[in-house]
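# What the coordinates show
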Amino acid sequence: MSECEWLSDRMPSVALGQATWTPDEILHLNECESCQREWELIEVASRLGEDAGLSLEPTAIATAVARRLERERIDGRLRRRAWGFAGLAAAAALVAALWTGGLEQDPSKLPPVRTEVAGRLSIPLPELDGLEPAELDSVLQTMDEPSVNGSTGDDPALGDLNTDELERVLDSWEG
């Protein structure tokens, strides 16, 4: 352990008056700038709060706490009363809506509900960007139509095709 580490470990006990510096330690403290700065910091820190205990008046603190508790009690009553009025107003609005038939609506007349997922769904198709509206409508209609060849369910899997058949499938996909 170096002499700086030794002094650093002893500084709190010296600051609290539980120990004193030896002549060798005082000599090191006078020569080592790092230890001097650390000792100054510990001295200042050890004096923090010395005056706080003297300036506290128990009666003033008790009075302040009692006022605060009384204010909290009154505020709590006001908050409960406000929530009670809000609850009554909501119940009255619900009764009025039921009484006048405001909640009965034909589901076919309601606007379509757009889910958040559908609103965020975005599939980029740069091939369709250059199309005119009529062309785009035509593409969308052909996507909705059933397949012209009509799948019979007996279509082979891609693993069952030979090389020539795979080439034809890929060519048809590319257009």
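Note that the coordinates shown come from a computational prediction; the quantities given were computed from them, not determined experimentally.

It is worth spelling out the overall build of the chain at this point. When you go through the chain residue by residue, the secondary structure sums to 8 helices and 0 strands. Walking the chain from its N terminus toward its C terminus, one meets helices and strands in the order α-α-α-α-α-α-α-α. By residue count, 8% of the 175 residues in the chain fall in the buried class. Contacts in the chain between residues far apart in sequence, at least 24 positions, make up 32% of those at least 6 positions apart. Summed over its atoms, the accessible surface of the chain is roughly 15400 Å², and 59% of this surface lies on carbon and sulfur atoms.

A word on a negative patch on the surface. On the surface, D164, E167, D171 and E174 cluster together to form a negatively charged patch. When you line up the elements, E167 lands in helix α8 (residues 163-174).

Examined against the element boundaries, R10 turns out to sit in helix α1 (residues 3-15). One polar contact links R10 to E25, side chain to side chain, over a distance of 2.7 Å. Not counting residues within four places of it along the chain, the set of residues in contact with R10 comprises A19, T20, W21 and E25.

Reading the values: rules and limits
Residues numbered from 1 in each chain as written. Predicted model: local features only at pLDDT ≥ 70, side-chain atom pairs only at ≥ 80, totals over all residues. Heavy atoms only, no water. Helix = DSSP H or I, 4+ residues; strand = E, 2+ residues; numbered from the N terminus. Buried < 20%, exposed > 50% of the residue type's maximum accessible area, 1.4 Å probe, protein only. Contact = heavy atoms within 4.5 Å. Areas by Shrake-Rupley, 256 points an atom, 1.4 Å probe, with all protein chains shown as cover. Patch = residues over 30% accessible without salt bridge, like charges linked within 9 Å, V, L, I, M, F, W, Y side chains within 5 Å. Salt bridge = Lys/Arg side-chain N within 4 Å of Asp/Glu carboxyl O. Lys, Arg positive; Asp, Glu negative; His and termini not counted. Charge placed at Lys NZ, Arg CZ, Asp CG, Glu CD. Polar contact = N/O pair within 3.5 Å; in protein donor to acceptor, adjacent residues only side chain to side chain.

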